[in-house]
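Next come the chains, spelled out residue by residue.
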Amino acid sequence: MATQNGTRTVVRNATCTYCGCVCDDIDLTVENNKIVKAANACVLGKAWFFNHNESHGTPGALIKGQPATIEDAIERAARILARARYPLVFGMSNTTNEAQRYALEITERCGGCIDTTTSVCHGPTEIALQGVGKVAATLGEVKNRADLLIYWGSNPAESHPRHLSRYTYTARGLFTPNGKRDRYLVLVDVRRTPSARAADEFVQIRPGTDFEALWILRSLARGETVTKADCAPTGIPLEQFQALFERMKNAKYGVLFFGMGLSMSRGKSMNSAAIFMLAADMNRHTKFLAMPMRGHGNVTGVDELLTWSTGYPFAVNFSRGYPRFNPGEFTAVDVLARREADAALIVSSDPYGNFPRAAREHLATIPVVILDVKPNDTSAIAEVHITTAPYGIAVPGTVYRMDEIPIRLRVALESPYPSDEAVLSRMVARIKALKREAAPAMAAD
Ligand code: SF4
């Protein structure tokens, strides 16, 4: 909802898409098509909103570094992708589901491979989910009911600054009206972080022993015998495990939130599977669930979209005409490092700035098309860069919060640039036409 006062407009309940909290209670004050205030946003959210006021003086499109029209850029991009034998489509955690659908369609039409930033963050968690499932709930339910919160390998105070205040520890819920006085916060990590200072209890675990620690808690939950020797590798005494388990058992509603400190440390998908299974085991005693702390604003959305469309959440290959899932083979870093992809479409991501050297080196040798709100390191090596409008600020659409709740975006600014959805849908139309034109020639061959 927007209210106007002279040249000042206030967009109420706008959504911040910077992190997986996807806070949808932000009041944006806009003057002269510029956001001047972002009430309720945390420091990261404010930086997100204020950083997208400027257009960065970027041309709408660049072909080989030279300014070009959008039409020419889309045509060049469509030709690159239609001609490719095995294109890689990557990114998409910072755009709307509406745009993601077209990126998937391009992959399918071109027989390529689609992967998202999940493969370099909570990929192990998604692999675990395919194997063991999870006990789930919404953050609304957590806010209203949870009296025990355990963050494992996560530092929400710095990565998701409003998680504790909006959804968990200090939030006042229906059955937790006194906020943090009705809850107990435990932090499990290898070192003291700013989040540890906020916790009622900090459990310091030896690096690389998360799986063992989770398995010990599982054993206690299942009534099995645990010895001091079992606990020794973790650096946590048996008595501390027993006390933590008693607290978990006596909670009315417990939640295990976990970050990449768990999913990307030794054990990876086995760690994520262990925490999901611990939550399931705890339901013998009380209500318990486990939830990953997802990072980018719509990384959950792209997992959802790929899963409901193909059955798999990331690393999906269409080279045989039907979806196949194999992390380690069809993940972007691996497809590039093995020098398999012969073209790439990057949507709202910067693999050239972040991937390992072997992947980056191959990326620089193939034609790359990138859509982003401003040029990044990948734009510098791309054949085609198209500047698009920021989602949630100048583009409406749908995103998914980390608890898999879809949220509609409200627009605050007008942008001179098109949305990812508009550009990708036009690319799809051109790729279809180019493939149709090429079909008779291929048949004649
Ligand atoms: Fe934005 Fe995340 Fe901060 Fe919420 S917690 S305002 S979504 S950066």
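It should be noted that the structure appears before, not after, this text.
Fair warning: this is a prediction, and the values are worked out from it, not measured in the lab.

Trainee: Is there a simple way to think about empty space enclosed by the protein in this case?
Mentor: The tally for this structure, following the rule as stated, stands at three cavities of 30 Å³ or more. Of the volumes computed, that of the largest cavity is approximately 100 Å³. The wall of the largest cavity is formed by 13 residues, among which Cys16, Cys19, Cys23, Cys42 and Gly45 lie closest to the centre. Looking at the lining of the largest cavity, its residues break down into eleven nonpolar, one polar and one charged.

Trainee: What should I look at first to understand the nonpolar core in this one?
Mentor: Nonpolar side chains tend toward joint burial in soluble globular proteins. Formed by 48 residues in total, the largest nonpolar core has its most connected members in Ile26, Leu28, Ile35, Phe49, Leu149, Tyr151 and Phe257. Formed by 37 residues, the second largest nonpolar core is a distinct cluster that contains Leu148, Ile150, Leu217 and Ala251.

Trainee: In this structure, what is going on with the environment of Thr234? I would like to understand it.
Mentor: You can see Thr234 is positioned in the loop between α10 (228-231) and α11 (238-250). Using a relative accessible area of 0% as the deciding quantity, one classes Thr234 as buried. In terms of polar contacts, Thr234 uses its side chain to reach the backbone amide nitrogen of Ile236, at 3.1 Å.

Trainee: Just to check I follow, could you spell out the sheet that holds strand β6 (residues 66-68) for this structure?
Mentor: By definition, the strands of a sheet pair up through backbone hydrogen bonds, in either a parallel or an antiparallel sense. Here nine strands make up an open sheet; going across it, the order is β6-β5-β18-β17-β16-β7-β8-β14-β15 and the pairing mixed. Looking along the sheet, the strands with just one partner apiece sit at the ends: β6 and β15 (324-325). Pairing of strand β7 (residues 87-91) with strand β8 (residues 113-116) involves four bridges; the strand directions are parallel. Each residue of the ladder has a partner; that of Gly91, found in β8, is Thr116.

Trainee: Help me understand the environment of Asn178 in this model?
Mentor: Looking at the element boundaries, Asn178 is found in the loop between α7 (163-167) and β10 (184-189). Distance from Asn178 to Ser348, taken between C-alpha atoms, is 41 Å for residues 170 residues apart in sequence.

Trainee: When you look at the sheet that holds strand β11 (residues 201-204) in this model, what are you seeing that I'm missing?
Mentor: Overall, parallel pairing links the five strands, which are arranged β11-β10-β9-β12-β13 in an open sheet. Both outer strands of the open sheet, β11 and β13 (287-292), are each paired with one neighbouring strand and no more. Across the sheet, the mean angle separating the axes of adjacent strands is 15 degrees when strand polarity is ignored. In terms of strand pairing, strand β12 (residues 253-258) meets β13 through six bridges, oriented parallel. Looking across to β13, one finds that Phe257 is bridged to Met291.

Trainee: Can you help me understand the layout of surface pockets in this one?
Mentor: Here the largest pocket is characterised by a volume of approximately 1,000 Å³. Lining the largest pocket are 48 residues, with Tyr18, Ser93, Asn94, Gly295 and His296 sitting closest to its centre. When residues in the lining of the largest pocket are grouped by element, the largest group, four residues, is from helix α1 (residues 43-51). Here the lining of the largest pocket is built from residues that sort into 18 nonpolar, 23 polar and seven charged.

Trainee: Looking at this structure, I do not really get the packing of helix α9 (residues 210-221) against α11. What am I missing?
Mentor: When two helices pack together, their arrangement is given by the angle between the helix axes and by the axis-to-axis distance. One way to put it is that α9 packs onto α11 with a least axis distance of 10 Å and a crossing angle of 60 degrees. Between α9 and α11, the angle is such that the two are oblique. Relative to α11, α9 is oriented so that their crossing is right-handed. Residues Ala213, Ile216, Leu217, Leu220 and Ala221 of α9 touch α11, and the partners they reach there are Phe241, Gln242, Leu244, Phe245 and Met248. The residue inventory of the contact of α9 with α11, partitioned by class, reads nine nonpolar, one polar and no charged.

Trainee: I tried to follow the packing of helix α3 (residues 97-110) against helix α14 (residues 299-310) on my own but got confused; where do I start?
Mentor: α14 packs onto α3 with a crossing angle of 45 degrees between their chain directions and a minimal axis gap of 10 Å. Put simply, α3 runs oblique to α14. Crossing of α3 against α14: the hand is right-handed. For the pair formed by α3 and α14, the contact residues are Asn97, Gln100, Arg101 and Leu104 on the first element and Gly301, Val302, Leu305, Leu306, Trp308, Ser309 and Thr310 on the second. The residue makeup of the contact of α3 with α14, split by class, is five nonpolar, five polar and one charged.

Trainee: Help me out: how do you make sense of the site of the ligand in this one?
Mentor: Around the ligand sit Cys16, Tyr18, Cys19, Cys21, Val22, Cys23, Cys42, Leu44, Gly45, Pro161 and Arg162, and that is every residue in its neighbourhood. Here the ligand occupies the largest cavity. Residue composition of the shell around the ligand, grouped by class: nine nonpolar, one polar and one charged.

Trainee: Explanation requested: the packing of aromatic side chains in the structure shown.
Mentor: Aromatic ring pairs are defined here through the distance separating the ring centres and the angle between the ring planes. Under the defined criterion, the tally for this structure stands at nine aromatic pairs. When the ring of Trp48 is compared with that of Tyr391, the centres are 6.1 Å apart and the planes differ by 85 degrees; the resulting orientation is edge-to-face. Of the two residues, Trp48 sits in helix α1 while Tyr391 sits in the loop between β18 (384-387) and β19 (397-400), which places them 343 residues apart along the sequence. Owing to a relative accessible area of 3%, Tyr391 belongs among the buried residues under this scheme. Aromatic pair Phe314 and Phe325: ring centres 5.6 Å apart, planes at 80 degrees, arrangement edge-to-face. Separated by eleven residues along the polypeptide, Phe314 in the loop between α14 and β14 (316-317) and Phe325 in strand β15 bring together distant segments of the chain. By relative accessible area, Phe314 is classed as buried at 2%. Note on Phe325: relative accessible area 21%, which makes it partly exposed.

Trainee: Explain the pattern of salt bridges to me, please; I cannot follow it from the model alone.
Mentor: Opposite charge on two side chains makes pairing possible when the charged atoms of those side chains draw close. Across all of its chains, the model carries 24 salt bridges by this definition. The partner of Asp27 in a salt bridge is Arg12, with the nearest N and O atoms 3.3 Å apart. Here Asp27 is found in strand β3 (residues 26-31), whereas its partner Arg12 is found in strand β2 (residues 8-14), with 15 residues between them in sequence. Note on Asp27: relative accessible area 17%, which makes it buried. Salt-bridge contacts for Arg426 lead to Glu71; the nearest nitrogen and oxygen are separated by 3.6 Å. Here Glu71 lies in helix α2 (residues 70-83) and Arg426 lies in helix α19 (residues 420-444), a separation of 355 residues in the sequence.

About the cut-offs
- Along each chain, residues carry numbers from 1 onward, in the same order as the chain's sequence is written.
- Local features in this predicted model are restricted to residues of pLDDT 70 or higher, and side-chain atom pairs are both shown and tallied only at a pLDDT of 80 or more, whereas totals for entire chains, interfaces and linings draw on every residue.
- Calculation of side-chain values draws on the structure's entire complement of heavy atoms; hydrogens and water are dropped beforehand.
- Lining residues are those with an atom within 4 Å of a point, where the points come from a 1 Å grid over the protein atoms alone and group into cavities, where a 1.4 Å probe fits but cannot get out, or pockets, open sets with protein on both sides within 12 Å along at least five of seven lines.
- Grid points are joined across faces, edges and corners, and a volume is the space filled by probe spheres set on the points.
- The classification used treats Ala, Val, Leu, Ile, Met, Phe, Trp, Tyr, Cys and Pro as nonpolar, Asp, Glu, Lys and Arg as charged, and all other residues, Gly among them, as polar.
- What is meant by a nonpolar core is a set of buried Ala, Val, Leu, Ile, Met, Phe, Trp, Tyr and Cys residues, joined one to another through side-chain atoms within 4.5 Å.
- Throughout, exposure labels follow a simple rule: accessible area from a 1.4 Å probe, protein chains only, divided by the maximum for the residue type, with under 20% read as buried, over 50% as exposed, and the rest as partly exposed.
- Under the scheme used here, helices are H or I runs from DSSP no shorter than 4 residues and strands are E runs no shorter than 2 residues, and both carry numbers assigned from the N terminus.
- Pairs of N or O atoms within 3.5 Å make up the polar contacts considered here, provided that, within protein, one atom can donate a hydrogen while the other can accept it, and that residues adjacent in sequence are counted only when both atoms are side-chain atoms.
- Note: two strands are recorded as paired if DSSP finds a minimum of 2 bridges between them.
- Angles shown run from 0 to 180 degrees and are taken between the N-to-C directions of axes, each axis being a line fitted to C-alpha atoms and, for helices, limited to the stretch in contact.
- The scheme is simple: roughly parallel for angles under 35 degrees, roughly antiparallel for over 145, roughly perpendicular for 65 to 115, oblique for anything else.
- Less than a right angle of anticlockwise turn of the near helix away from the far helix marks a crossing as left-handed, whereas a clockwise turn marks it as right-handed.
- What makes two residues a contact is simply this: any of their non-hydrogen atoms within 4.5 Å.
- Any residue with a heavy atom positioned within 4 Å of a molecule or strand is treated as near that molecule or strand.
- Any molecule with more than half of its atoms within 2 Å of a cavity's or pocket's grid points is regarded as sitting in that cavity or pocket.
- Note on aromatic pairs: the rings of Phe, Tyr and Trp (six-membered ring only in Trp) are paired at centre separations within 6.5 Å, and the planes decide the class, stacked below 30 degrees, edge-to-face beyond 60, tilted for the rest.
- Note on definitions: salt bridges are taken to be side-chain nitrogens of Lys or Arg within 4 Å of carboxyl oxygens of Asp or Glu.

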